[in-house]
Amino acid sequence: MIKIRTVQTLIVDVPLKRAHMMTMAVMERQSCVLVVITSEDGEVGIGEATTIRGAAYVPESPETIKTLIDAHVAPLVTGMDASKPRAIMAALSKAIVGNHFAKCAVETAIWDLVGKSLAVPVSALLGGAVRTAVPVLWTLASGDFGADIEEGEKLLQQRRHNIFKVKIGRRSLAEDCDWIARLVAHFGDRARFRVDVNQGWRFLDAQRGCRMFADAGAELIEQPIARDDIEGLAMLTRSSEIAIMTDEAINGPQRMYEITRARAGHAVSIKIAQAGGLLAARAMIDIAQTGHMDLYGGTMLEGPVGTAASAQLFATVPTFRWDTELFGPLLQRDSLTIEPLIYKDFELQIPQGPGLGVSLDWDKVSAYAREGQMPFDIPARSNEGALHAV
Ligand code: MUC
Ligand code: MG
């Protein structure tokens with residue numbers, strides 16, 4: 001029995017290295033909701049939820065996530081047995097509708113707590129790792145062509161990334177297509193390119209876009225049209241020469257089942273937050289694989305904690321046909337964890353330590369904590385150097 005004693009949350013705003021421009025929002029910082037769960041015997045588990053600029057992407061924001069966990073999750077799970085994550089998630093889904101990002105952060109902290117209590121990595125609790133690293137692409141979204149080239153060159157030279165996803169949909173179809181054609185011409189066979197429209201096109205634009213971007217040298221188009229247009233996605237999938245990937249449309253196992261049945265995409269993005277947690281994401285992976293959909297390991301631009309959680313799950317999956325985008329920590333100007341995640345040779349190394357394999361650096365957390373979030377009752381065992389409340 002790993003009895004849960006406390007569930008605490010705080011919001012931390014971490015500046016990004018550069019503005020990240022997408023169809024629906026421009027981000028200059030990432031707001032991370034940290035969830036800290038302690039057990040009666042003093043062990044600590046951490047989780048993280050991030051959204052894309054407030055509630056611009058999903059109907060949750062850092063503020064709603066924190067409020068929901070404080071008001072409704074903490075009283076429910078306090079006293080429960082963390083060694084039974086399925087039972088806890090079942091209780092949460094009975095008591096709380098939706099709120100997948102909040103649930104994912106809580107589930108992550110529970111897995112971390114169990115892993116740390118048993119001294120095994122979370123991947124071992126999820127069936128066991130079948131790989132030690134996952135390939136990671138980078139998203140070009142600076143909004144400036146020269147800056148995109150410079151960024152891509154640097155990342156190639158560092159052997160960080162050789163696959164690039166470009167955020168489009170803010171300009172006209174012709175301008176976006178020209179942008180990609182020029183990137184492809186510049187990098188040649190040194191890099192591969194995809195685009196993410198983030199629902200920015202209408203169906204007819206998308207039909208033209210598939211042809212135009214295939215000619216421009218892109219290999220995949222992510223979420224070209226509205227998230228609820230499953231039939232439209234299926235029609236594009238049937239006619240497109242290049243791969244269509246479904247992302248925002250997937251918000252859990254049920255939706256994954258519908259999308260797989262409809263073949264609304266050649267590939268599907270697996271995001272633990274959109275799924276509603278690691279168990280739900282595992283179910284989505286199983287449904288997609290059973291239906292012969294290709295997998296992609298997605299992100300909600302989490303920092304190192306949420307990224308480590310995705311990595312622990314993805315470590316148990318033999319093949320991501322379209323790689324992963326677990327680059328969130330690299331976009332942040334500072335790291336909230338003591339152990340930095342290791343990126344090398346175009347891959348993220350799966351953290352090997354107990355639990356998620358990362359722990360919070362409380363000096364950094366308190367430096368970036370949003371006003372009013374400190375003082376915070378820092379659990380002693382989460383950071384041997386910070387035995388006092390900040
Ligand atoms: C998305 O739609 O893929 C993930 C990476 C990125 O640049 O944006 C997010 C969301
Ligand atoms: Mg996307």
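Everything discussed here concerns the structure shown above.
Residues numbered from 1 in each chain as written. Chains lettered and ligands numbered in written order. Predicted model: local features only at pLDDT ≥ 70, side-chain atom pairs only at ≥ 80, totals over all residues. Heavy atoms only, no water.

## A closer look at the pattern of salt bridges
Side chains that carry opposite charge are capable of pairing whenever their charged atoms lie near each other. Put simply, the test is: We count a salt bridge whenever a side-chain nitrogen from Lys or Arg sits within 4 Å of a carboxyl oxygen from Asp or Glu. A run of H or I in DSSP counts as a helix once it spans at least four residues, and a run of E counts as a strand once it spans at least two, with each numbered from the N terminus.
Tallied over the entire structure, the rule returns 23 salt bridges. Linking Lys-165 and Asp-196 is a salt bridge whose minimum nitrogen-to-oxygen distance equals 3.2 Å. In this pair, Lys-165 is assigned in strand β6 (residues 163–167) and Asp-196 in strand β7 (residues 192–196), connecting sequence segments 31 residues apart. A network of salt bridges, in which partner residues are shared, links Lys-165, Lys-167, Asp-196, Glu-222 and Glu-325.

## Thoughts on the coordination of the magnesium ion (ligand 2)
Selection rule: In this analysis a donor is any N, O or S atom within 2.8 Å of a metal ion (3.2 Å for sodium, potassium and calcium), and since water is not included, sites may seem incomplete. The buried label goes to any residue with under 20% of its type's maximum accessible area, the exposed label to any with over 50%, and the partly exposed label to all in between, with areas taken from a 1.4 Å probe on protein chains only.
Only Asp-196 (OD), Glu-222 (OE) and Asp-247 (OD) from the protein reach the magnesium ion (ligand 2) as donors, at distances of 2.0 to 2.2 Å. Along the chain, the residues that donate to the magnesium ion (ligand 2) are spaced as D-x25-E-x24-D. Here Asp-196 is found in strand β7, whereas its partner Asp-247 is found in the loop between β9 (243–246) and α9 (253–262), with 51 residues between them in sequence. Exposure class is identical for Asp-196 and Asp-247. Each is buried.

## With respect to the site of ligand 1
The test is simple: Here, proximity means that at least one heavy atom of the residue falls within 4 Å of the molecule or strand. Throughout this description, a polar contact denotes any pair of N or O atoms lying within 3.5 Å of each other; where both atoms belong to protein, one of them has to be capable of donating a hydrogen while the other can accept it, and for residues adjacent in sequence the pair is counted only when both atoms sit in side chains. A 1.4 Å probe and the Shrake-Rupley method give the accessible areas. Residues count as covered only by the protein chains that appear here. Using protein atoms alone on a 1 Å grid, points that fit a 1.4 Å probe yet trap it form a cavity, whereas open point sets bounded by protein on both sides within 12 Å along at least five of seven lines form a pocket; residues with an atom within 4 Å of a point count as lining. To be counted as sitting in a cavity or pocket, a molecule needs more than half of its atoms within 2 Å of that site's grid points.
If you check the shell around ligand 1, you find 16 residues, and the closest are His-20, Tyr-57, Lys-165, Lys-167 and Asn-198. Contact distances for ligand 1 include 3.4 Å between an oxygen atom and a side-chain N or O atom of Thr-139. Contact with the protein chains covers 100% of the free accessible surface of ligand 1, which is 280 Å². Here ligand 1 is seated within the largest cavity.

## Focus on the packing of helix α6 (residues 173–187) against helix α7 (residues 203–216)
Stated precisely, the cut-off is as follows: Only the stretch in contact is used when a helix axis is fitted, and all axes are lines through C-alpha atoms; the angle between N-to-C directions ranges over 0 to 180 degrees. These descriptions rest on fixed angle ranges, namely under 35 degrees for roughly parallel, over 145 for roughly antiparallel, 65 to 115 for roughly perpendicular, and the rest for oblique. Helix crossings fall into two classes, left-handed where the near helix is turned counterclockwise from the far one by less than a right angle and right-handed where it is turned clockwise. Residues are treated as being in contact if the distance between any of their heavy atoms lies within 4.5 Å. Amino acids are sorted into nonpolar (Ala, Val, Leu, Ile, Met, Phe, Trp, Tyr, Cys and Pro), charged (Asp, Glu, Lys and Arg) and polar (every other residue, Gly among them).
Between α6 and α7, the shortest axis-to-axis distance is 9 Å and the interhelical angle comes to 20°. Between α6 and α7, the crossing angle belongs to the class labelled roughly parallel. For α6 against α7, the interelement crossing comes out right-handed. Every residue of α7 that contacts α6 at Leu-173, Ala-174, Asp-176, Cys-177, Ile-180, Ala-181 and Val-184 is listed here: Asp-205, Arg-208, Gly-209, Met-212, Phe-213 and Ala-216. For the contact of α6 with α7, the class distribution of residues is 9 nonpolar, 1 polar and 3 charged.

## Considerations on the packing of helix α5 (residues 145–157) against α6
Between α5 and α6, the shortest axis-to-axis distance is 11 Å and the interhelical angle comes to 35°. The handedness of the crossing between α5 and α6 comes out as right-handed. Residue-level contacts link Phe-145, Asp-148, Ile-149, Gly-152, Glu-153 and Leu-156 of α5 to Trp-179, Arg-182, Leu-183, His-186 and Phe-187 of α6. The residue inventory of the contact of α5 with α6, partitioned by class, reads 6 nonpolar, 2 polar and 3 charged.

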